[in-house]
Amino acid sequence: MAAPVVVNATAKHTATIIFLHGLGDTGHGWASAMAAIGSPHIKFICPTAQVMPVTLNAGFRMPSWFDLKSLDVDGPEDTAGIRKARDLIHYLIVFDLKSLDVDGPEDTAGIRKARDLIHHLIADEVKNGITHDRVIGMSCWLPLRQEFPQAAIGNTGSPILQGHGDCDPIVPYKFGQITSQLIKRFAGNIEFKTYRGMMHASCEEEMADIKKFITQHLPPV
């Protein structure tokens, strides 16, 4: 995997946001947008997924966190690939903790461009006792949902913001609704926002909501 794009904090660094792009995109494609909604104490890490063949796109090679085999509700999933990507993000979190300028227990936030991994930020306690205290999912769904709620062993009180466009032709709006309903069973502090007329993209309203969420839940220390 290529080195991630890093937007460093311009003040005392007390928080880090890790942003995962969607299929076929790159960290470079989102770094500026993330920096625009951040605060001086926040560092952004925008990794780019490795290039791999994607079954759903007839084997065409593109940046992807794991292989997408189907978008059917009960379609096959790349379990090994999802867990490998999760472990990569855990590594980024552990590595970044060394750079945080805090006096007390260190704290990070995961922000998910979660056409992929949202559930692992909620359900898995990272090695060495690291937890994720805030989660954002954009146009996402819950992979490996059959493992829940049993797999929800930690972070169940995390504030979660999930947004989805009701005209999304790629990841159907109902996938977002199903995901939100399932997560509520084991992590009730979730807010699901619908963006009218939005397709598989983002919009000014959604970015404003994300900025508000970050300001509220990730203040400087």
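Residues numbered from 1 in each chain as written. Predicted model: local features only at pLDDT ≥ 70, side-chain atom pairs only at ≥ 80, totals over all residues. Heavy atoms only, no water.

**A word on empty space enclosed by the protein**
- Considering all chains together, one arrives at 2 cavities of 30 Å³ or more under this definition.
- Its boundaries defined by the atoms lining it, the second largest cavity holds a volume of some 30 Å³.
- The wall of the second largest cavity is formed by Ile 136, Gly 137, Met 138, Leu 161, Gln 162, Gly 163, Tyr 195, Glu 206, Asp 209 and Ile 210.
- In the lining of the second largest cavity, the residues fall into 5 nonpolar, 3 polar and 2 charged. (1 Å grid on protein atoms, 1.4 Å probe; cavity = no way out; pocket = protein on both sides within 12 Å on 5 of 7 lines; lining within 4 Å. Points joined across faces, edges and corners; volume = space filled by probe spheres on them. Nonpolar A, V, L, I, M, F, W, Y, C, P; charged D, E, K, R; others polar.)

**Some points on the pairing of strand β2 (residues 15-19)**
- Of all 5 residues making up β2, 5 are buried, and the element is well covered by its neighbours.
- Residue alternation in β2 divides its side chains into two sets, Ala 15, Ile 17 and Phe 19 and Thr 16 and Ile 18, and both sets are buried.
- Note on the crossover from β2 through helix α1 (residues 28-36) to strand β3 (residues 42-46): the handedness is right-handed. (Buried < 20%, exposed > 50% of the residue type's maximum accessible area, 1.4 Å probe, protein only. Helix = DSSP H or I, 4+ residues; strand = E, 2+ residues; numbered from the N terminus. Right-handed = clockwise from strand over helix to strand, strands pointing away.)

**Points about the environment of Ala 152**
- Mapped onto the elements of the fold, Ala 152 is located in the loop between β7 (132-138) and β8 (160-165).
- A sequence separation of 34 residues divides Ala 152 from Phe 186, and the C-alpha atoms of the two residues are 6.7 Å apart.

**Quick look at the packing of aromatic side chains**
- The tally for this structure, following the rule as stated, stands at 2 aromatic pairs.
- Note on Phe 19 and Trp 30: the rings are 5.1 Å apart at their centroids and 40° apart in plane angle, and the pair reads as tilted. Within this pair, whereas Phe 19 is found in strand β2, its partner Trp 30 is found in helix α1, the two being separated by 11 residues in sequence.
- Between the aromatic rings of Tyr 173 and Phe 192, the centroid separation amounts to 6.0 Å while the plane-to-plane angle is 40°, which identifies the pairing as tilted. A residue pair is termed long-range when its members are at least 10 positions apart, and Tyr 173 in helix α4 (residues 173-184) and Phe 192 in strand β9 (residues 190-195) qualify at 19 residues.
- Residue class for Phe 192 comes out partly exposed when judged on its relative accessible area of 23%. (Phe/Tyr/Trp six-rings, centres within 6.5 Å; stacked < 30°, edge-to-face > 60°.)

These figures capture arrangement, not role.
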